[in-house]
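Chains, contacts and geometry: an overview
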Amino acid sequence: MIALLFALLTATMGLNYFKMTTAANTLFFITLALSVYWLKFHATSQLTIQL
């Protein structure tokens, strides 16, 4: 999931480099939403060790 978020942010920077700001902004906000989802549901969950 982290790799996907980094790839999306890299794509956002690429779109900004090529002056496609509307698409870049849209992709940035999608990435922010995915980041919040990941933080809320995955990064804060308790670790379980199954023996």
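Residues numbered from 1 in each chain as written. Predicted model: local features only at pLDDT ≥ 70, side-chain atom pairs only at ≥ 80, totals over all residues. Heavy atoms only, no water.

**Some remarks on the packing of helix H1 (residues 2-17) against helix H2 (residues 21-43)**
Running from N to C, H1 and H2 cross one another at 165°; their axes reach a closest spacing of 8 Å. Taken as axis vectors, H1 and H2 run roughly antiparallel relative to one another. Crossing handedness for the pair H1 and H2: left-handed. Along its contact with H1, which presents Ile2, Leu5, Leu8, Leu9, Ala11, Thr12, Leu15 and Asn16, the element H2 presents Thr21, Ala23, Ala24, Leu27, Phe28, Thr31, Leu34, Ser35 and Trp38. Residue composition of the contact of H1 with H2, grouped by class: twelve nonpolar, five polar and no charged. (Axes fitted to C-alpha atoms, helices over the stretch in contact; angles between N-to-C directions. Helix = DSSP H or I, 4+ residues; strand = E, 2+ residues; numbered from the N terminus. Parallel < 35°, antiparallel > 145°, perpendicular 65-115°, else oblique. Left-handed = near helix turned anticlockwise from the far one by under 90°. Contact = heavy atoms within 4.5 Å. Nonpolar A, V, L, I, M, F, W, Y, C, P; charged D, E, K, R; others polar.)

**Section: the packing of aromatic side chains**
Overall, the coordinates contain three aromatic pairs when judged by the stated rule. For the ring pair Tyr17 and Phe18, a centre distance of 5.1 Å and an interplane angle of 80° mean the geometry is edge-to-face. Judged by its relative accessible area of 64%, Tyr17 falls in the exposed class. Judged by relative accessible area, which is 59%, Phe18 ranks as exposed. (Phe/Tyr/Trp six-rings, centres within 6.5 Å; stacked < 30°, edge-to-face > 60°. Buried < 20%, exposed > 50% of the residue type's maximum accessible area, 1.4 Å probe, protein only.)

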